[in-house]
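Descriptive analysis of the structure
The chain contents come next:
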Amino acid sequence: MKRIGIFLVVLLLLPLSGCSVVSIGYNYADAYLRYSINSYATFDDRQTEIIREEVDVFMRWHRRVMLPQYVSFLQEVRLVALSGKALMHEDVGRLRVAARKLYVKTLQPTVSPAASLLSGINAAQIDELVHSFAKENNRQRDKVLTGNPHEQLRKRAERTIDFIESLVGGLTDEQQEKIREQSHRLPFATALYLRLREENQAGLVGMLKENKSEEEIAALLSAWLTTPEFSRSPDEQELLMSFELATDEMIVNVYAMLNERQKKTLLINISKYIDSFTQLASGT
């Protein structure tokens, strides 16, 4: 059930062609969430009605509580960009921590209803859940882990370039090459993230098969969300931390290489997000 609400957070990271893109996506988010949840298993009529009600509650809360906080976060990002100063590691680290807090706050209200739903599913539904987890994990693995290590790094670099261009516009050949070089130097943590997710999913499935209580399931989901390091070894935690710090360094370097046109495009896109979320929060 981890995908509940992720769509809403990801909206912050999607490229915009206009304010209406976010508005259209958000206004259909309830249908998307219901579809996503129902894709994990075949739920009976009672369970389906519970899902519908819980999604409606979540969306109302998210519009009222979280959208204004997204706006505040983006306003802080815009202030950093408007300062005209070089981007500092402290800026990136602070914004990364703030974004993580927003992510956690967005998903926390889903823990209790997800645990309640999961605690009542039967053996056949658990088997479907296992199949759904495996299908999604295999899809992710095929997307990012196919090919030799060099090919995996190449694809990661190209995805990074595509993402940056979606925010700042076209990059020069020289900028693209520098980004490839920096991306190749980042620790490759993707395989670890996928393995840890699979291990946590296996732990959840084990609890369901043992008919653990709703409270025990909620505790696992909450730890998974708020303290993901609980399932990591010290070496794994060190690798992920080094990846985050190296990514901060890369963001600083990439921002430093942007020209005035690209920085202006970035500011325009940030402002579009702010306007869109402000309008959605007000119900307009």
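A brief look at the structure comes next. Small disclaimer: the values here were computed from a predicted structure and weren't measured.

According to the stated counting rule, one finds five aromatic pairs in the structure shown. Where tyrosine 70 meets phenylalanine 277, the ring centres are 5.7 Å apart and the plane angle is 70°; that geometry is what we call edge-to-face. With tyrosine 70 in helix α4 (residues 45–82) and phenylalanine 277 in helix α12 (residues 260–281), the pair connects residues that are 207 residues apart, well separated along the chain. Judged by its relative accessible area of 0%, tyrosine 70 is buried. Ring centres 6.4 Å apart and planes at 15° place the aromatic pair tyrosine 273 and phenylalanine 277 in the stacked group. Residue tyrosine 273 and its partner phenylalanine 277 are located together in helix α12, separated by four residues, close to a single helical turn.

So, about unusual backbone geometry. Note: most peptide bonds trans; most residues except glycine with negative phi. One non-glycine residue, asparagine 211, adopts positive backbone phi at about 55°. With respect to the helices and strands, asparagine 211 occurs in the loop between α9 (190–209) and α10 (214–226). For asparagine 211, a relative accessible area of 67% gives the class exposed.

Direction vectors running N to C along α4 and helix α5 (residues 89–118) enclose 170°, while the axes themselves pass 10 Å from each other. As far as their axial angle goes, α5 and α4 are roughly antiparallel. Taken together, the residues that form the contact of α4 with α5 break down as 15 nonpolar, five polar and five charged.

So, on to the pattern of salt bridges. Using the criterion set out here, one finds 17 salt bridges in the structure. The residue arginine 34 makes a salt bridge to aspartate 56 at a minimum N-O spacing of 3.6 Å. Taken together, the residues span a long stretch of sequence, with arginine 34 in helix α3 (residues 29–38) and aspartate 56 in helix α4 at a distance of 22 residues. Of the residues examined, arginine 34 reaches a relative accessible area of 24% and is grouped as partly exposed. Ionic pairing is found between arginine 94 and glutamate 76, a salt bridge with its closest N-O pair at 2.8 Å. Residue arginine 94 is located in helix α5, and its partner glutamate 76 is located in helix α4; the two are separated by 18 residues in the primary sequence. Among the residues examined, glutamate 76 registers a relative accessible area of 28% and is labelled partly exposed. Members of the salt-bridge network, linked through shared partners, are Asp30, Arg34, Glu49, Arg52 and Asp56.

Conventions used here
Residues numbered from 1 in each chain as written. Predicted model: local features only at pLDDT ≥ 70, side-chain atom pairs only at ≥ 80, totals over all residues. Heavy atoms only, no water. Phe/Tyr/Trp six-rings, centres within 6.5 Å; stacked < 30°, edge-to-face > 60°. Helix = DSSP H or I, 4+ residues; strand = E, 2+ residues; numbered from the N terminus. Buried < 20%, exposed > 50% of the residue type's maximum accessible area, 1.4 Å probe, protein only. Axes fitted to C-alpha atoms, helices over the stretch in contact; angles between N-to-C directions. Parallel < 35°, antiparallel > 145°, perpendicular 65-115°, else oblique. Nonpolar A, V, L, I, M, F, W, Y, C, P; charged D, E, K, R; others polar. Salt bridge = Lys/Arg side-chain N within 4 Å of Asp/Glu carboxyl O.

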